[in-house]
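# Understanding the architecture of this molecule
If you want the building blocks of each chain, they are given just below.
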Amino acid sequence: MTEPPGRRERKKAATRQKIADTALRLFLERGYDAVGIRDVAAEADVAVTTLFSHFASKEALVFEQDEDFEHRLAQAVADRAPDEPLIPALRHEMRALVRHCTADGSAPIWRMIDACSDLREYEESMRLRHAQSLATAIAADLGLPQPTTACRTIARFVVDAHSLARESADPDAAVDEVFRMIEAAWGVTGL
């Protein structure tokens, strides 16, 4: 059983969330390019150094759940039941991630991301990192010393399913469609 976070951890998490919420509100109200780090820090009532202790960059403020999403994909591999196949476990997790990112109120955020080259580039680098992390988790699950081409390819397909699904009129159907192809591809890897 895991122990609940202590007061200090709860306070850090609350500060982090306050900064992220403030940044997103300001970005949506004024435009991403019109808001600086100092503006966010002042509005959130924290020092700039405090902001940077939680977020490495301005772009990271928009993708504040980045590390959580990356961790969830790796955990979908590592924490599945011994008899649960890999691809259905990843489909289940991706469906949950897509639902989160297509929830009510998310459209303005995605429009902002799509309109800003810095945010699109950050998202792409984030997806590459997520795919590498997932490929490493798949390789470890298979007892491989490092990710093979098949592990990296499947991981990229899984991570890319997110953007394909979020752009679809029916995200759940899109996840299912992409994962039918992923399952077929996984079946021919021989792993």
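Residues numbered from 1 in each chain as written. Predicted model: local features only at pLDDT ≥ 70, side-chain atom pairs only at ≥ 80, totals over all residues. Heavy atoms only, no water.

### A word on the pattern of salt bridges
Note the following rule: Note on definitions: salt bridges are taken to be side-chain nitrogens of Lys or Arg within 4 Å of carboxyl oxygens of Asp or Glu. Per the convention used, a helix needs a DSSP run of H or I reaching at least four residues, while a strand needs a run of E reaching at least two, with both numbered from the N terminus.
The tally for this structure, following the rule as stated, stands at 16 salt bridges. Between Arg-99 and Asp-172 there is a salt bridge, and its shortest N-O distance comes to 2.9 Å. In this pair, Arg-99 is assigned in helix α6 (residues 86-101) and Asp-172 in helix α10 (residues 171-187), connecting sequence segments 73 residues apart. Among the salt bridges present, the one from Asp-160 reaches Arg-127, with a minimum N-O distance of 3.5 Å.

### Here's the deal with the environment of Glu-123
This is how it is decided: By the convention used here, residues are in contact when the closest approach between their heavy atoms is within 4.5 Å.
On the secondary structure map, Glu-123 appears in helix α8 (residues 117-141). The spatial distance from the C-alpha of Glu-123 to the C-alpha of Pro-145 is 28 Å, given a sequence separation of 22 residues. In this view, Glu-123 contacts Phe-63, Trp-110, Ile-113 and Arg-166; residues no more than four positions away in its chain are not counted.

### Thoughts on α6
This is how it is decided: Multiply 1.5 Å by the residue count of a helix minus one, and that product is the helix's expected span.
Between its terminal C-alpha atoms α6 stretches 23 Å, which fits the 22 Å expected from 16 residues at 1.5 Å a residue. Those residues of α6 hidden inside the fold are in contact with α5 (66-78), α7 (107-115), α8, α9 (149-166) and α10.

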